[in-house]
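Descriptive structure summary
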Amino acid sequence: MDNQKYFYIETWGCQMNEEDSEKLSGMLKNMGYAKTEEKKKSSIIIFNTCCVRENAELKVYGNLGALKALKEKNSDLIIAVCGCMMQQEGMAEAIIKKYPFVDIIFGTHNAHMFPEYLNRTRQENKSIIEVWDKEKGIVEGLPIDRESNTKAFVTIMYGCNNFCTYCIVPYVRGRERSRTPEEIEKEIMELVDKGYKEVTLLGQNVNSYGKDLVPSFSFADLLKRLNNIDGIERIRFMTSHPKDLTDDVIDAVAECSKLCDHIHLPVQSGSSKILKEMNRKYTREEYLSLVNKIKAKIPGVALTTDIIVGFPGETEEDFSDTLSLVSEVEYDSAFTFLYSTRKGTPACEFETQVSEEVKRERFNRLVEEVNRACAKKNKEYEGRTVKVLVEGTSKSDDEKLMGRTETSKLVNFAGNKNNIGKIVNVKITKAQTFSLLGEEI
Ligand code: SAH
Ligand code: SF4
Ligand code: F3S
């Protein structure tokens, strides 16, 4: 008989949550559990939740409701719910009331305590709700069970100090805390030893990295230091807040060979009036001049962005400013979102909320504009030979390989499977709206 015990983990939200889930998996594997994709086979089910927009929360509710039947069949099953959504006031209590079969609830600041909660709920045979309302420094040294073995996310700082008026992240992830350059360097060196070729440095606003360290340490200096690590081939970072992207960081990307020519630079809106209401601390003009500077210093750079449609008070004129900005910048890709009211954020109280109908109609027009630029950018790749880090076989066709260019373009191509995990030359034969086709040469 198979005595192996399994866990299932489902993750919503951004790479911060992905990384927390990799740590939860790492801890569970150290305890002897194996990971499964089947809820039915599991003795532990974890939902790592996100609350950045309302639809992220709705998904969690739907999925939680569906666990009731599993729990009724298997009373030994442990159900845990964690992540950003649990950090909201009153949420943990509301969840346990609505779904009394949940065994453990914890938040983003105490995920490292999970093994202890697991033991306690088994011993005491009762539900445990423990959400810390404040961050307590950084817990180093947790095992990480990573999804990929070619590229890895490395968090360089936690939390956010910016309080954009629409955003809940600062409330659920706490204030900015930077890891030391030594810890980051050590983690990347260990990744190199395991064969990883690419790292993405993560933070809500990586440009303010190190301001809280004593003595302080700049993000540009961190990039230059990491660029010297032997064996790592590509370094990316996200997210850059436009208000803090300084010349030394742009110069570092231009000069350091391993830093990928790609900058994710969320604009959120093309209207200076809306940007002010959002508390973004830059104007349309400042953003555009920053973009022009980046394009001049890093030829061929890929620029990607996040845009919110229908922020309170957004008029047709404000929205057309966003459209014209998108057409001027010509982003390589953009994440587009309908504004979602988040309780506890200032914008939630603004009286000038835009109707769902108007939001949707603008959203569709924006997506069209974004796709036009995206397709145009991709078209420029036709006939070119690019370097691709091969991640695995293609999702749509087993016979093909997939990977990304330095500029983060997804490429599906015919090539040698022995090259998975390596960087190869690929000739681009055809551009599609969201990806490129090619063949290894
Ligand atoms: N720290 C990053 C990412 C934060 S969350 C940054 O500053 O860019 C990712 C994206 O979600 C944001 O960039 C924003 O575009 C979007 N977002 C955040 N709150 C939102 C809300 N209430 N409604 C709609 N989109 C939102
Ligand atoms: Fe949210 Fe703004 Fe912080 Fe990004 S910078 S996480 S959008 S508050
Ligand atoms: Fe990320 Fe969602 Fe939390 S976007 S920081 S997982 S609220």
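Note: the structure precedes this text.
In this report, the structure presented in the accompanying data block is examined. (Residues numbered from 1 in each chain as written. Chains lettered and ligands numbered in written order. Predicted model: local features only at pLDDT ≥ 70, side-chain atom pairs only at ≥ 80, totals over all residues. Heavy atoms only, no water.)

1. Considerations on the sheet that holds strand 12 (residues 262-264)
Spatially, 12-13-14 is the arrangement adopted by the three strands of the open sheet, whose pairing is parallel. In the strand order of this sheet, the two ends are held by strand 12 and strand 14 (333-338), each with one partner. Direction aside, neighbouring strands of the sheet carry axes that sit 10 degrees apart on average. Pairing of strand 12 with strand 13 (residues 302-309), which is carried by three bridges, proceeds in the parallel orientation. Residue Ile263 lies in a different strand from strand 13, and its bridge partner there is Leu303. Running at roughly 175 degrees to strand 14, helix 13 (residues 356-379) makes contact with strand 13 and strand 14 of the sheet. (Pairing = 2+ DSSP bridges. Helix = DSSP H or I, 4+ residues; strand = E, 2+ residues; numbered from the N terminus. Axes fitted to C-alpha atoms, helices over the stretch in contact; angles between N-to-C directions. Contact = heavy atoms within 4.5 Å.)

2. Side note on the environment of Glu54
Within the element layout of this structure, Glu54 appears in helix 2 (residues 54-65). Once the C-alpha coordinates of Glu54 and Lys276 are considered, the two residues, 222 residues apart in sequence, prove to be 23 Å apart. Each residue touching Glu54, except ones within four places of it in the same chain, is listed here: Ser340 and Arg342.

3. Some words on the site of ligand 3
Within the structure, ligand 3 sits among Gly13, Cys14, Asn17, Cys50, Cys51, Val52, Cys84, Arg173 and Gln204. Its residues placed into classes, the shell around ligand 3 shows five nonpolar, three polar and one charged. (Near = heavy atom within 4 Å. Nonpolar A, V, L, I, M, F, W, Y, C, P; charged D, E, K, R; others polar.)

4. Remarks on the pairing of strand 4 (residues 78-83)
When you tally the buried positions in strand 4, you get six out of six residues, the bulk of the element. Residue alternation in strand 4 divides its side chains into two sets, Ile78, Ala80 and Cys82 and Ile79, Val81 and Gly83, and both sets are buried. Direction of pairing for strand 3 (residues 44-49) relative to strand 4: parallel, over a ladder of six bridges. In the sheet register, Ile45 faces strand 4, and the bridge partner there is Ile79. At this point the chain moves from strand 4, through helix 4 (residues 91-98), to the parallel strand 5 (residues 104-106), and the crossover so formed is right-handed. (Buried < 20%, exposed > 50% of the residue type's maximum accessible area, 1.4 Å probe, protein only. Right-handed = clockwise from strand over helix to strand, strands pointing away.)

5. Here we look at helix 2
Count 3.6 residues to each turn of an α-helix, and residues three or four apart come out pointing the same way. Counted at 1.5 Å a residue, the expected span for helix 2 with its 12 residues is 16 Å, and the 17 Å between its end C-alpha atoms agrees. Of all the residues in helix 2, the buried ones are Ala56, Glu57, Val60 and Leu64. End-on view of helix 2: buried residues confined to an arc of 95 degrees, all on one side of the axis. The inward-facing, buried residues of helix 2 contact strand 3, helix 3 (67-73), strand 4 and helix 4. (Expected span 1.5 Å × (residues − 1). Arc of directions from axis to C-beta.)

6. Quick notes on the layout of surface pockets
By volume, the second largest pocket is sized at about 680 Å³. Around the second largest pocket sit 28 residues that line it, and Gln87, Gln88, Glu89, Tyr171 and Val172 are the ones nearest its centre. Residue assignment for the lining of the second largest pocket shows that the elements contributing at least two residues are helix 4 and helix 6 (169-173). Split by residue class, the lining of the second largest pocket holds 12 nonpolar, seven polar and nine charged. (1 Å grid on protein atoms, 1.4 Å probe; cavity = no way out; pocket = protein on both sides within 12 Å on 5 of 7 lines; lining within 4 Å. Points joined across faces, edges and corners; volume = space filled by probe spheres on them.)

7. What about the packing of helix 11 (residues 284-297) against helix 12 (residues 316-329)?
Contact geometry for helix 11 and helix 12: axes closest at 11 Å, N-to-C directions at 10 degrees. For the element pair helix 11 / helix 12, the angle class is roughly parallel. Contacts from Arg284, Tyr287, Leu288, Val291 and Lys295 of helix 11 reach helix 12 at Asp321, Ser324, Leu325, Glu328 and Val329. The residue makeup of the contact of helix 11 with helix 12, split by class, is five nonpolar, one polar and four charged. (Parallel < 35°, antiparallel > 145°, perpendicular 65-115°, else oblique.)

8. Points about the site of ligand 1
In the vicinity of ligand 1, 15 residues are found, and the nearest of them are Arg53, Gln204, Gln268, Asp306 and Ser340. Here Gln204 contributes a side-chain N or O atom positioned 2.7 Å from a nitrogen atom of ligand 1. In the model, a nitrogen atom of ligand 1 is placed 2.8 Å from a nitrogen or oxygen of the Ser340 main chain. Those elements giving two or more residues to the shell around ligand 1 turn out to be strand 13 and strand 14. Each residue belonging to the shell around ligand 1 can be placed in one class, and the counts come to seven nonpolar, four polar and four charged. (Polar contact = N/O pair within 3.5 Å; in protein donor to acceptor, adjacent residues only side chain to side chain.)

9. Topic: unusual backbone geometry
Here the amide bond leading from Val214 into Pro215 is cis, since omega sits at -10 degrees, within 30 degrees of zero. Tracing the backbone through its elements, the reader meets Pro215 in the loop between strand 10 (198-202) and helix 8 (219-227). The omega torsion across Met238 and Thr239 is 5 degrees, close enough to zero to call that bond cis. Inspection of the secondary structure puts Thr239 in the loop between strand 11 (234-238) and helix 9 (247-255). For Gln268, which is not a glycine, the phi torsion comes out positive at approximately 70 degrees. Inspection of the secondary structure assignment puts Gln268 in the loop between strand 12 and helix 10 (272-277). Assessed through its relative accessible area of 7%, Gln268 is described here as buried.

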